[in-house]
Amino acid sequence: MTLSEVSSWLREHDDYLIITHRRPDGDTLGSAAALVRGLRAYGKNAYIFKNEETTSKYLGFVSPFWAPDGFDFSHVVSVDVASEGLFPRNSDNLLGRTDLAIDHHPSNTGYARLTYADGSKAACGEIIYDLLIDLNGDIDDDTAAALYTAISTDTGCFAFGNTTQNTFRCAALVAEKNIGLPELNRILFRTKSRGRLELEGTVMAGIKYYYGGRVAITTIPKALMDRTGCTEDDMDDIAAIPGAVEGVWCGITMRELSSETDLKISVRSGSLFNSNEFCSKFGGGGHAMASGASFQGITLDTLLGMLLEELDKVFLPHGYSR
Ligand SMILES: [Mn+2]
């Protein structure tokens, strides 16, 4: 369907419940906040399904719109949600009931009755911006702030490879509104919890280099998470640290999850190493520059040995030794 078909559909119906994804980020929450505001500006009744995992950074955008108990919705719209497996906690009664999915993930499973998916957009917020302009002709300041949050966070403040001209176009248009840009950027990009800072310090100090500095590997034991009090919310982009070192082609973060034998790796690389190919050797995958894999029943030491064995195949032929 086209974007104007989406806005026609929204005009025709009413009593919307908007769904965000599990472990919600700035894009799903900012998109939901902007959509609910835009629908209300048009005169519709709309709420957001309460996502209990929402972190304090984003709560102000969405909490005024949490659906009250017993909200009698008639239409369900998801934003930035690629599959029903990513539905938020306590939403089992919503499975199979999504009328419209608005998404930018090419992997969207088509679980909704109607789907508007545009994989060329860096953030779902870019789609919501165009949709609300089609719907209402304009957006207010608070809607613009929610959309800026969506667009800027999903692009790592316009630094990730997904950033396009359209990302900047939308950002420029929302920045014309009074969104308190300096303070918003400070909250979104230059504020860290103490736990996160301590975690970063330990992760950095723990980096070990292999193959003449082409590979950097660091470890996050469960004990470190416990000691710093960090939760999943504090883990955002932590895997970028070893890959960010000059000269490194491949940065690997090994992590203990629920126990010493419940492990995962996150791999980050530039264009000279294919993270997806590497992780697929272990049953994982993702993107060429960012991938991951999970391991059960082995310890970090064993895992390191397995990784180096596979890395040998890539780097020894290039004349690099461990
Ligand atoms: Mn997104």
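Residues numbered from 1 in each chain as written. Predicted model: local features only at pLDDT ≥ 70, side-chain atom pairs only at ≥ 80, totals over all residues.

Undergrad: Quick question: what am I supposed to make of the overall build of the protein chain here?
TA: If you tally the helices and strands in the protein chain, you get twelve helices and eleven strands. On C-alpha atoms alone, the protein chain measures out to a radius of gyration of 21 Å, which is about the 20 Å that the 2.2 N^0.38 rule sets for 322 residues. Dimensions of the protein chain, computed from C-alpha atoms along their principal axes, come out at roughly 65 × 40 × 40 Å. When each of the 322 residues of the protein chain is scored for burial, the buried share is 38%. (Helix = DSSP H or I, 4+ residues; strand = E, 2+ residues; numbered from the N terminus. Rg over C-alpha atoms; globule rule 2.2 N^0.38 Å. Buried ≥ 20, exposed ≤ 12 C-beta atoms within 10 Å, placed from the backbone.)

Undergrad: Explain the pairing of strand β4 (residues 100-103) here, please?
TA: Along a regular strand, successive side chains alternate from one face of the sheet to the other. Residues of β4 alternate between two faces, with Leu100 and Ile102 on one and Ala101 and Asp103 on the opposite face, all of them buried. One ladder, built from three bridges, connects strand β3 (residues 75-79) with β4; its direction is parallel. Across the sheet, the residue bridging to Val79 is Ile102, located in β4. As paired elements, β4 and strand β5 (residues 114-117) share four bridges and run parallel to each other. Within the sheet, the bridge partner assigned to Asp103 lies in β5 and is Ala117. (Pairing = 2+ DSSP bridges.)

Undergrad: Just checking my understanding: could you explain unusual backbone geometry for this structure?
TA: For Phe158, which is not a glycine, the phi torsion comes out positive at approximately 65°. Relative to the helices and strands, Phe158 resides in the loop between α5 (141-154) and α6 (165-175). Even without glycine at this site, Tyr211 takes up a positive phi of about 50°. Note on placement: Tyr211 falls in the loop between β6 (208-210) and β7 (215-220). On the neighbour-count criterion, Tyr211 (21 C-beta atoms within 10 Å) is buried.

Undergrad: Sorry, what's going on with the sheet that holds β4 here?
TA: Two orientations exist for strands paired in a sheet by backbone hydrogen bonds: parallel and antiparallel. Reading across the sheet, the five strands line up as β2-β1-β3-β4-β5 and stay open at both edges, with parallel pairing between neighbours. Only two strands of the sheet have a single neighbouring strand rather than two, namely β2 (46-48) and β5. The sheet shows a mean angle of 20° between the axes of neighbouring strands, taken without regard to direction. Inspection of the sheet shows strand β1 (residues 16-19) paired to β2 by three bridges, in the parallel sense. Bridging from a neighbouring strand, Leu17 pairs with Tyr47 of β2. (Axes fitted to C-alpha atoms, helices over the stretch in contact; angles between N-to-C directions.)

Undergrad: What's the story with the sheet that holds β7 in this structure? I'm lost.
TA: Sheet architecture is open: six strands sit in the order β6-β7-β8-β9-β11-β10, paired in mixed fashion. The strands lining the two open edges of the sheet, one partner per strand, are β6 and β10 (285-286). In the sheet, β6 pairs with β7 via three bridges, with the strands oriented antiparallel. The residue bridging Tyr209 from the neighbouring strand is Ala216, located in β7. Relative to strand β8 (residues 250-256), helix α12 (residues 300-315) is tilted by about 160°, and along the sheet it contacts β6, β7, β8, β9 (262-269) and β11 (290-296). (Contact = placed C-beta atoms within 7 Å.)

Undergrad: For this particular structure, what's the right way to read the nonpolar core?
TA: Membership of the largest hydrophobic core comes to 51 residues, with the highest contact counts inside it found for Ile18, Ala32, Val36, Val79, Ile102, Ile128 and Leu147. Not counting residues up to four positions away in its chain, the partners in contact with Ala32 are Ile18, Thr20, Ile48, Val62 and Val79. Residues Tyr211, Ile252, Leu263 and Leu303 belong to the second largest nonpolar core, which totals 21 residues. (Core = buried A, V, L, I, M, F, W, Y, C linked by C-beta atoms within 7 Å.)

Undergrad: What should I look at first to understand the environment of Trp66 in this one?
TA: Residue position: Trp66 is located in the loop between α3 (56-62) and β3. On the neighbour-count criterion, Trp66 (16 C-beta atoms within 10 Å) is partly exposed. Spatially, the C-alpha atom of Trp66 lies 5.8 Å from that of Phe49, the residues being 17 residues apart in sequence.

Undergrad: Help me out: how do you make sense of the domain arrangement of the protein chain in this one?
TA: By a frequent convention, interface size equals the accessible area lost on bringing the separate parts together. Taken domain by domain, the protein chain holds domain 1 (3-189) and domain 2 (195-318). Each of domain 1 and domain 2 has a C-alpha centre, and these two points are 31 Å apart. (Domains from an automatic or database assignment.)

Undergrad: I would appreciate a short explanation of α12 in the present structure.
TA: Given a rise of 1.5 Å per residue, 16 residues ought to cover 22 Å, and the 21 Å separating the end C-alpha atoms of α12 matches this to within 8%. All of the buried residues along α12 are Leu303, Leu307, Leu311 and Phe315. Down the axis of α12, the buried side of the element spans an arc of 95°, and every buried residue falls inside it. Residues of α12 that are exposed and point over 90 degrees away from its buried face: Asp301, Gly305, Glu309 and Lys313. As for α12, its buried residues are in contact with β6, β7, β8, β9 and β11. (Expected span 1.5 Å × (residues − 1). Arc of directions from axis to C-beta.)

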